[in-house]
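Inside the fold
The primary structure of each chain is shown beneath.
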Amino acid sequence: MHMQKDDYKKGSISHWEKDWAGKKANFSLTKPVDDWNYFDLFRDEYLERMLLKNKNILCLECGCGSASTSLYFANKGAKAAMLDASISALNIARENFSKYNLRGMFINGNMERLPFADDKFDLVMSFGVLEHFEDMAPSIKEMVRILKPGGTFFASVSPKKYSIQLVGNLINTVTRFIYNLKHRRFREAFFRSYPATPEFYENSLSSRQYVEIIEKCGLKNVKLSGSRPFPSLNILPSMFKIYIMFMKMLKPLHLLFEMHTSKFTELWGVEWNIVGTKE
Ligand SMILES: C[S@@+](CC[C@H](N)C(=O)[O-])C[C@H]1O[C@@H](n2cnc3c(N)ncnc32)[C@H](O)[C@@H]1O
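On a predicted model such as this, the values are computed, not experimentally measured, just so you know. (Residues numbered from 1 in each chain as written. Predicted model: local features only at pLDDT ≥ 70, side-chain atom pairs only at ≥ 80, totals over all residues.)

1. A word on the overall build of the protein chain
Condition: A run of DSSP states H or I qualifies as a helix once it reaches four residues; a run of E qualifies as a strand once it reaches two. Both are numbered from the N-terminal end. With C-beta atoms placed from the backbone, the exposure class of a residue follows from how many other C-beta atoms lie within 10 Å of its own: 20 or more, buried; 12 or fewer, exposed; in between, partly exposed. Contact between residues is assigned whenever the C-beta positions, reconstructed from backbone atoms, fall within 7 Å.
Helix and strand counts for the protein chain stand at 12 helices and seven strands. Per-residue burial over the protein chain gives 35% buried out of 279 residues. In the protein chain, the proportion of contacts linking residues at least 24 apart, taken out of those at least 6 apart, comes to 74%.

Right under this line is the structure:
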């Protein structure tokens, strides 16, 4: 289907379907296969301490994609429900769950109209989703509506801003340039080595704007902090082992970074974590 430019602006569902089609489940709960797998596992461990004090909670992941956090939480005993607009994404999430013999509830739907009763979930989360909406308030209001009073909202967003990923992009550019030269692809080397801008829409909201919108949607104690002090790298699969070893060595510092809230971590971090409570 040919996409209209405006479709991207709405966090278009057909765009995501196209994006997920043909992708495979390759998430490991024990041995990260690449940097993304490591970032997700690190975050899951961190969130387990922060959000899974009671292991039997009922949680929902909106715009779940391959649903790595729900998988991790289900493995710890949580009852996990996952919702995504893309059927292909849900198939990957299902594959991940069946690989680990875990049970989950998979729902194909739109997070602007969640198919659940009010006050149902202990925890409602989203990762890398809200930044793709031109107007994210309808989705957040829905997430708040289905939370139990006292329940927790958690969102991770990748804001459009400078961060350590800029250094990652430079490394990625140099690596791609050398690779293309080595393979005598001179045109690509000089014109296509810089990472392409992602096709999908990303809003340009500041941290303050995120907090304001989320508070207006009915959440209390909203806190935003910088997250993920390491960039994602476009390196050969054999190099991921070295990169992951390096990040594991720095794990105590990484933890400090996640726990610390300041303008520095907000700027350096590739992502922002936002947490809030329903009264
Ligand atoms: C960038 S991906 C993030 C996927 C996953 N959370 C992760 O971190 O890997 C955004 C996800 O949001 C889903 N999505 C976009 N708009 C949606 C909507 N209105 N309702 C439900 N899911 C939506 C997409 O299908 C896609 O899987």
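That covers the picture; the talk isn't over yet.
2. Regarding the pairing of strand β1 (residues 58–62)
In summary, the side chains of a regular strand alternate between the two faces of the sheet. Test applied: By this definition, two strands are paired if DSSP reports at least two bridges between them. When the strands point away from the viewer, a crossover counts as right-handed if the route from the first strand across the helix to the second turns clockwise.
A large share of β1 lies buried, amounting to four of its five residues. In terms of strand pairing, β1 meets strand β2 (residues 79–84) through five bridges, oriented parallel. Across the sheet, the residue bridging to C62 is L83, located in β2. This β-α-β element, β1 to helix α4 (residues 68–75) to β2, shows right-handed connectivity. Across four bridges, β1 lies against strand β4 (residues 121–127) in parallel orientation. By the bridge assignment for β4, C59 is matched with L123.

3. Quick notes on unusual backbone geometry
The phi torsion at D119 lies on the positive side, around 55°, for a residue other than glycine. You can call D119 partly exposed: it has 13 C-beta atoms within 10 Å. Even without being glycine, R184 reaches a positive phi, approximately 55°. Relative to the helices and strands, R184 resides in the loop between α7 (165–182) and α8 (186–191).

4. Section: the site of the ligand
Under the convention used in this document: Any residue whose backbone-placed C-beta atom lies within 6 Å of a molecule or strand is treated as near that molecule or strand. Ten residue types, Ala, Val, Leu, Ile, Met, Phe, Trp, Tyr, Cys and Pro, are classed as nonpolar, four, Asp, Glu, Lys and Arg, as charged, and the remainder, Gly among them, as polar.
Surrounding the ligand, one finds 18 residues, the nearest of these being W16, G63, G65, A85 and F127. The set of elements that each furnish at least two residues to the shell around the ligand consists of α2 (13–20) and β2. For the shell around the ligand, a count of residues per class yields nine nonpolar, seven polar and two charged.

5. Section: the packing of α2 against helix α5 (residues 87–99)
Here is the rule we go by: Here the axes come from fitting lines to C-alpha atoms, over the contacting stretch only for helices, and the angles between their N-to-C directions go from 0 to 180 degrees. We call two directions roughly parallel when the angle between them is under 35 degrees, roughly antiparallel when it is over 145, roughly perpendicular when it lies between 65 and 115, and oblique otherwise.
With their axes 7 Å apart at the nearest point, α2 and α5 run at an angle of 45° to one another. The pairing of α2 with α5 is recorded here as oblique in orientation. Facing α2, whose interface residues are W16, E17 and W20, α5 presents I87, S88, A89 and I92. Class assignment for the residues of the contact of α2 with α5 results in five nonpolar, one polar and one charged.

6. Observations concerning the sheet that holds β4
Taken together, the seven strands give an open sheet; going across it, the order is β3-β2-β1-β4-β5-β7-β6, and neighbouring strands pair in mixed fashion. One side of each edge strand has no neighbouring strand; the edge strands of this open sheet are β3 (105–108) and β6 (219–227). When the angles between neighbouring strand axes are averaged without regard to direction, this sheet yields 15°.

7. Let's talk about the nonpolar core
Cut-off, in case you're wondering: In this description, a nonpolar core means buried residues of the types Ala, Val, Leu, Ile, Met, Phe, Trp, Tyr and Cys, linked to one another by C-beta atoms lying within 7 Å.
C59, C62, L83, A93, V124, F153 and I274 are the most contacted members of the largest nonpolar core, which has 50 residues in total. Discounting chain neighbours no more than four positions away, the residues touching C62 are L83, M111, V124, S126, V129 and M143.

8. Some details on α5
Applied cut-off: Helices are assigned an expected span. That span is 1.5 Å times one less than the residue count. As used here, the arc is the angular range of directions from the helix axis to the C-beta atoms.
Between its terminal C-alpha atoms α5 stretches 18 Å, which fits the 18 Å expected from 13 residues at 1.5 Å a residue. Listed as buried for α5 are A89, L90, I92, A93, N96 and F97. Down the axis of α5, the buried side of the element spans an arc of 160°, and every buried residue falls inside it. Counted as exposed and oriented over 90 degrees from the buried face of α5: I87 and S98.

9. A look at the environment of Y38
Along the chain, Y38 falls in helix α3 (residues 35–51). According to the C-beta neighbour criterion, Y38 is buried, with 20 such atoms within 10 Å. Sequence spacing of Y38 and F240 is 202 residues, and the spatial spacing of their C-alpha atoms is 9.7 Å. Dropping the residues within four chain positions of it, Y38 is found in contact with P32, I244 and M247.

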